[in-house]
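# Notes for the structure review
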Amino acid sequence: SQTIHQWPATLVQPVGSPLSLECTVEGTSNPNLYWYRQAAGRGLQLLFYSVGIGQISSEVPQNLSASRPQDRQFILSSKKLLLSDSGFYLCAWSAPAQDPRTYEQYFGPGTRLTVT
Amino acid sequence: AQKVTQAQTEISVVEKEDVTLDCVYETRDTTYYLFWYKQPPSGELVFLIRRNSFDEQNEISGRYSWNFQKSTSSFNFTITASQVVDSAVYFCALDDTDKLIFGTGTRLQVFP
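What comes next concerns the included structure. (Residues numbered from 1 in each chain as written. Chains lettered and ligands numbered in written order. Predicted model: local features only at pLDDT ≥ 70, side-chain atom pairs only at ≥ 80, totals over all residues. Heavy atoms only, no water.)

So, about the interface of chain B and chain A. With 17 residues of chain B at the contact, the number on the chain A side is 22 residues. Carbon and sulfur atoms make up 59% of the area that chain B and chain A hide from each other, which totals about 1,600 Å². Where chain B packs against chain A, one counts 2 salt bridges. At the junction of chain B and chain A, the tally comes to 3 residue pairs in polar contact (both at pLDDT 80 or more). Among the elements of the structure, β5 (33-39), β6 (46-52), β10 (88-96) and β11 (99-102) of chain B are those that each provide at least two residues to the side of chain B that touches chain A. For the side of chain B that touches chain A, the leading source of residues is β5 of chain B, giving 4 residues. Of the residues belonging to the side of chain B that touches chain A, the class tally is 8 nonpolar, 4 polar and 5 charged. (Contact = heavy atoms within 4.5 Å. Buried area = accessible area lost by both parts, 1.4 Å probe. Salt bridge = Lys/Arg side-chain N within 4 Å of Asp/Glu carboxyl O. Polar contact = N/O pair within 3.5 Å; in protein donor to acceptor, adjacent residues only side chain to side chain. Helix = DSSP H or I, 4+ residues; strand = E, 2+ residues; numbered from the N terminus. Nonpolar A, V, L, I, M, F, W, Y, C, P; charged D, E, K, R; others polar.)

Below, the structure written as structure tokens:
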């Protein structure tokens with residue numbers, strides 16, 4: 001069965017510090033991968049998605065970036081955090097095209113980031 | 001434009017009451033998929049259901065049921081005999097090529 005991991009679970013970082021959040025998926029190949037952010041009490045905002053290694057689509061221009069160095073690894077980064085970057089970051093995966101389950105997304109446990 | 005609207009921001013019920021969460025969508029596609037997710041206090045989103053646009057049969061899974069009506073562009077979710085464990089934020093979503101468009105969510109509080 002497939003599992004998705006995210007770390008760290010919680011993070012407190014000062015303004016201006018760098019950020020690296022990691023997401024890995026097990027039990028599937030060539031998944032689509034997604035990064036979402038959820039501000040406190042708000043809905044989900046899609047930040048990035050990737051349909052393959054090195055292929056990243058950005059939904060919202062901001063000081064965050066994403067990379068996919070391996071098939072099942074998705075990394076969210078920032079060089080300098082802003083207060084507005086605080087939130088709950090969720091990674092998700094979906095099956096690749098041609099798979100009947102391609103439309104469902106399955107979410108990781110999330111990382112709660114507080115920028116101070 | 002692809003859009004999902006969940007007009008109910010928060011709903012409070014007492015245990016054993018039935019509750020319906022509304023979802024209205026807009027899409028330019030003739031074939032599409034709709035979803036419901038549950039986000040308990042722990043934060044992780046849990047996939048509940050996927051519905052194809054060409055299948056308008058209502059679906060029931062235990063205490064959960066979904067009413068898909070293409071004519072009104074709605075995909076409503078009903079919990080029968082609600083329980084405290086149903087307390088969560090529920091999101092409706094619509095597929096848009098490689099990604100999902102989520103509604104803003106409805107927070108359901110079930111009181112004992």
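Continuing now.
Here we come to the side chain of serine 74 of chain B. Residue and element names in this part refer to chain B. Within the element layout of this structure, serine 74 appears in strand β9 (residues 74-79). We classify serine 74 as buried; its relative accessible area is 9%. Polar side-chain contacts of serine 74 include one of 2.9 Å to the side chain of threonine 72. Ignoring any residue separated from it by four or fewer positions in sequence, one finds serine 74 in contact with Cys23, Val24, Tyr25, Asn67, Phe68 and Gln69. (Buried < 20%, exposed > 50% of the residue type's maximum accessible area, 1.4 Å probe, protein only.)

The calculated volume of the largest pocket comes to roughly 510 Å³. Around the largest pocket, the lining comprises 26 residues; the ones closest to its centre are Gln38 and Gly41 of chain A together with Gln39, Val89 and Arg107 of chain B. Among the elements of the structure, β9 (87-94) of chain A together with β10 and β12 (106-111) of chain B are those that each provide at least two residues to the lining of the largest pocket. No other element matches the 4 residues that β12 of chain B contributes to the lining of the largest pocket. (1 Å grid on protein atoms, 1.4 Å probe; cavity = no way out; pocket = protein on both sides within 12 Å on 5 of 7 lines; lining within 4 Å. Points joined across faces, edges and corners; volume = space filled by probe spheres on them.)

To continue, consider the pattern of salt bridges. Under the definition given, this model contains 9 salt bridges over all chains. Two residues, arginine 68 of chain A and aspartate 71 of chain A, come together in a salt bridge whose shortest N-O distance is 3.4 Å. Residue arginine 68 of chain A is classed as buried on the basis of its relative accessible area, which comes to 3%. The salt bridge partner of arginine 63 of chain B is aspartate 86 of chain B, with a shortest N-O separation of 2.8 Å. Here arginine 63 of chain B, found in the loop between β7 (59-61) and β8 (64-69), pairs with aspartate 86 of chain B, found in the loop between β9 and β10; they are 23 residues apart in sequence, far enough to count as distant. A residue is classified by how much of its surface remains accessible, and aspartate 86 of chain B, at 1% relative accessible area, is buried. Three or more residues are tied together by salt bridges with common partners; here these are Glu59 of chain A together with Arg28, Asp96 and Lys99 of chain B.

Residue and element names in this part refer to chain A. Cis peptide bonds are those with omega within 30 degrees of zero, and the linkage from tryptophan 7 to proline 8 qualifies with 0°. On the secondary structure map, proline 8 appears in the loop between β1 (3-7) and β2 (10-13). Phi is positive for asparagine 30, close to 50°, though the residue is something other than glycine. Structurally, asparagine 30 is set in the loop between β3 (19-26) and β4 (32-38). For asparagine 30, a relative accessible area of 37% corresponds to the partly exposed category.

With that settled, consider the sheet that holds strand β8 (residues 73-78) of chain A. Residues and elements named next belong to chain A. Spatially, β1-β3-β8-β7 is the arrangement adopted by the 4 strands of the open sheet, whose pairing is antiparallel. A strand with exactly one partner marks an edge of an open sheet, and here the two such strands are β1 and β7 (64-70). Pairwise comparison of adjacent strand axes, ignoring direction, gives a mean angle of 20° for this sheet. In terms of strand pairing, β7 meets β8 through 5 bridges, oriented antiparallel. Opposite serine 67, over in β8, you have isoleucine 75 as the bridge partner. (Pairing = 2+ DSSP bridges. Axes fitted to C-alpha atoms, helices over the stretch in contact; angles between N-to-C directions.)

Residue and element names in this part refer to chain B. β5 sits mainly inside the fold: 7 of its 7 residues count as buried. Side chains Tyr33, Phe35, Tyr37 and Gln39 project from β5 onto one buried face, and the interleaved Leu34, Trp36 and Lys38 project onto a second face that is buried too. Direction of pairing for β5 relative to β6: antiparallel, over a ladder of 6 bridges. Of the residues in β6, the one forming a bridge with tryptophan 36 is isoleucine 49. Between β5 and β6, which pair antiparallel in sequence order, lie 6 residues; one of them, glycine 43, sits at a positive phi of approximately 105°. Taken together, the 6 bridges between β5 and β10 define a ladder with antiparallel strand orientation. Note on β10: the bridge partner recorded for lysine 38 is tyrosine 90.

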